[in-house]
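The residues making up each chain are set out below.
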Amino acid sequence: MTLDILVKNVAVWGREGLCDLGIANGHFVSIGQGSASAEAVLTLDAEGRMAVPGFVEPHIHLDKALISERAPVNVSGTLTEAIEILWEIKRNYTVDEIADRASRVLERALSNGISRLRTHVDVDPIGGTRPAEGLIRARDRFRELMDIQIVAFPQEGIVKSPGTEALMREAMKLGVDVVGGMPFNEASPVDSRRHIEIAFEIAMEFDADVDMHVDETDDPMARTLEVLAELTIKHGWRGRVTAGHTCALASYPRNYADHVIGRLREAGVNMIANPATNLMLQGRLDDYPKRRGVTQVKELLAAGINVACGQDCVHDTFYPFGQNDPLEIAFLLCHASQMSQPAEILKVMDMVTNNGAKALRVPDFHVAIGAVADLAVLDARDAREAFATRAPRRWVIRKGKLIAEAKLEMRRCFDIEAKPVT
């Protein structure tokens, strides 16, 4: 067999030593040291660089991405003002401009090696279904290059925002994949619980997963995370529910935090940390000591809970930065959660690869004979170096085709004469 691509001398994440990967007809057909002499249309020598089966972006908002190009400045820097600024912008959304902004971010995501992505999209009476229609259009453009899931996200609430529940069902019928929620953005704990119940009712109706923004606040009295775990168990949705942000968990007293973490483990809830946005927004109004809002990553991992991390925002009213680069987010998480030991760094690499795939219930996220040939070869030898340098993606292969390549060239335009030390 003549291979389409042969990747030589590559250190595949999760495997010992170097190997050669043979790719044909969009799949891995050989793995080992014996492929180096095989004939191939394209041969790439990784020279010991590490590779992952693509990155996973489990939490982003493509409908809002790049909106800072025309949005007023968030003067307070708070979550509340960010949401309020968007109200007028959403009234004037068009399907085309949403699809175009999202596509610009997805192009960057591809070059960064992201092969699977889950994006939230606002569903409310302000924007109607236009944001969802825009992201569905963008998803269709990238269908052959990236697996994209869309979450119907009721940021304005459900109970306190009449018409939203019906719009969420309409969005699911249009082709949105996952049911979202933001239960703390309701008027009372009773309404927050009802918010979660409605989300599960819609999820069961459409046999869909659930992915909610939960307790995105510093308030230690925000308690919707425990309710989500309870209702996940009640409705038999174990493994199909994800909680993003969960900032209040970082403010809970230790005994209550441990109780909630135990319930999350029992419910099989996936957790998503969003270090970039939460470091930027949380604790804005605090004097010192200042809360920083990043969820209890180490404690969740230690409890055996699946934890991933995501970009969340890209150049919008919430966060003015963002490259949709999982290595950048992982680098931030290492600092925010003080994960600097060798074993911890390895866990963080899992968070932007395997753990994200588990949260999205990706069935084939691995390098194995017969698996879809997805690979991102990094200009780094290990996870620590990859994070430290935000390593360029030397090659990105998707479904057996080379789709991105970084030219690793630096011209030295100076010369320093060697002089003996006197």
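Here, the structure is the one placed above.
A short note on the overall build of the chain
- The helix and strand inventory of the chain stands at 13 helices and 16 strands.
- Here the C-alpha atoms of the chain give a radius of gyration of 22 Å, agreeing with the 22 Å that 2.2 N^0.38 yields for 422 residues.
- Expressed along its principal axes, the backbone C-alpha trace of the chain runs to roughly 70 × 60 × 45 Å.
- Taken over 422 residues, the chain has a buried fraction of 59%.
- For the chain, the proportion of contacts with a sequence separation of at least 24, taken over those separated by at least 6, is 77%.
- Carbon and sulfur atoms form 52% of the exposed surface of the chain, whose accessible area is close to 17700 Å².
- Put simply, the chain has 49 plus and 60 minus side-chain charges, and the middle of one group is 2 Å from the middle of the other.

Observations concerning the state of the cysteines
- Inspection of the entire model under this criterion finds 0 disulfides.
- Left without a disulfide partner, Cys247 is nearest to the cysteine sulfur of Cys313, which lies 11 Å away.
- Since its relative accessible area comes to 0%, Cys247 is described here as buried.
- For the unlinked cysteine Cys309, the closest cysteine sulfur is that of Cys334, found at 8.5 Å.

Overview of the packing of helix 10 (residues 326–336) against helix 11 (residues 342–351)
- Relative to each other, helix 10 and helix 11 sit at 140°, their axes nearing to 10 Å. Classified by the angle their axes make, helix 10 and helix 11 are oblique. Both helix 10 and helix 11 take part in a crossing whose hand is right-handed. Between helix 10, through Leu327, Ala330, Leu333 and Cys334, and helix 11, the contact on the second element is made entirely by Val348, Met349 and Met351.

Focus on the packing of aromatic side chains
- One pass over the structure, following the stated rule, counts 2 aromatic pairs.
- Centroid distance Tyr252 to Tyr256: 4.8 Å. Interplanar angle 65°. Geometry classified as edge-to-face.
- Judged by its relative accessible area of 13%, Tyr256 falls in the buried class.
- Each ring, one from Tyr319 and one from Phe321, has its centre 5.6 Å from the other, and the planes form 80°; the classification is edge-to-face.
- Of note, Arg223 hangs over the ring of Tyr256, and the distance from its end group to the ring centre comes to 3.9 Å.
- One residue, Lys290, lies across the ring of Tyr288, its end atom 5.4 Å from the ring centre.

A closer look at unusual backbone geometry
- The step from Tyr288 to Pro289 runs through a cis peptide bond, and the omega angle for that step is 5°.
- Tracing the backbone shows Pro289 in the loop between helix 8 (275–281) and helix 9 (297–302).
- One non-glycine residue, Gln338, lies in the positive phi region at around 50°.
- Among the secondary structure elements, Gln338 is positioned in the loop between helix 10 and helix 11.
- With a phi close to 45°, Arg390 is a non-glycine residue in the positive phi region.
- Inspection of the secondary structure puts Arg390 in the loop between helix 13 (383–389) and strand 15 (393–398).

Details of the nonpolar core
- By size, the foremost hydrophobic cluster in this structure holds 108 residues, and its most contacted members are Leu225, Leu264, Met271, Met349 and Phe387.
- Contact partners of Phe387, with chain neighbours within four places excluded, come to Leu327, Ala330, Phe331, Cys334, Ile345, Val348 and Met349.
- The next biggest cluster of nonpolar side chains, apart from the first, holds 18 residues, and it includes Leu21, Phe28, Val367 and Trp395.

What to know about the sheet that holds strand 6 (residues 55–60)
- Strand order in the open sheet formed by 8 strands is 6-7-8-9-10-11-12-13, with parallel pairing between adjacent strands. Among the strands making up the open sheet, the edge pair consists of strand 6 and strand 13 (307–309). Adjacent strand axes in the sheet meet at a mean angle of 25°, parallel and antiparallel pairs treated alike.
- Two strands pair when backbone bridges link them, and strand 10 (residues 210–214) and strand 11 (residues 241–245) are joined in this way by 5 bridges, in the parallel orientation. Counted as the bridge partner of Asp211 is Thr242 from strand 11.
- The sheet strands contacting helix 5 (residues 189–206) are strand 9 (178–181), strand 10 and strand 11, and the helix crosses strand 9 at an angle near 175°.

A few points about the pattern of salt bridges
- Tallied over the full model, the rule gives 34 salt bridges.
- A salt bridge links Asp364 to Arg116; the shortest N-O distance between them is 3.1 Å. Of this pair, Asp364 sits in the loop between helix 12 (354–359) and strand 14 (375–378) while Arg116 sits in strand 7 (residues 114–122), and the two are 248 residues apart along the sequence.
- Here Arg398 ties to Asp374 by a salt bridge, and the two come within 2.4 Å at their closest N and O atoms. Placement of the pair is Arg398 in strand 15 and Asp374 in the loop between helix 12 and strand 14, with a sequence separation of 24 residues.
- Given the relative accessible area of 4%, Arg398 is considered buried.
- According to the relative accessible area criterion, Asp374 is buried, its value standing at 1%.
- Among the ionic contacts, a cluster of salt bridges with common partners joins Lys64, Lys90, Asp122, Asp124 and Glu156.

Re the pairing of strand 11
- Of all 5 residues in strand 11, 5 are buried; the element is thus mostly enclosed.
- As a crossover connection, the stretch from strand 10 through helix 6 (residues 224–234) into strand 11 is right-handed.
- As paired elements, strand 11 and strand 12 (residues 270–273) share 3 bridges and run parallel to each other. Of the residues in strand 12, the one forming a bridge with Thr242 is Asn270.

Quick notes on the rules
Residues numbered from 1 in each chain as written. Predicted model: local features only at pLDDT ≥ 70, side-chain atom pairs only at ≥ 80, totals over all residues. Heavy atoms only, no water. Helix = DSSP H or I, 4+ residues; strand = E, 2+ residues; numbered from the N terminus. Rg over C-alpha atoms; globule rule 2.2 N^0.38 Å. Buried < 20%, exposed > 50% of the residue type's maximum accessible area, 1.4 Å probe, protein only. Contact = heavy atoms within 4.5 Å. Areas by Shrake-Rupley, 256 points an atom, 1.4 Å probe, with all protein chains shown as cover. Lys, Arg positive; Asp, Glu negative; His and termini not counted. Charge placed at Lys NZ, Arg CZ, Asp CG, Glu CD. Disulfide = S-S within 2.5 Å. Axes fitted to C-alpha atoms, helices over the stretch in contact; angles between N-to-C directions. Parallel < 35°, antiparallel > 145°, perpendicular 65-115°, else oblique. Left-handed = near helix turned anticlockwise from the far one by under 90°. Phe/Tyr/Trp six-rings, centres within 6.5 Å; stacked < 30°, edge-to-face > 60°. Lys NZ or Arg CZ within 6 Å of the ring centre and 35° of its normal. Core = buried A, V, L, I, M, F, W, Y, C linked by side-chain atoms within 4.5 Å. Pairing = 2+ DSSP bridges. Salt bridge = Lys/Arg side-chain N within 4 Å of Asp/Glu carboxyl O. Right-handed = clockwise from strand over helix to strand, strands pointing away.

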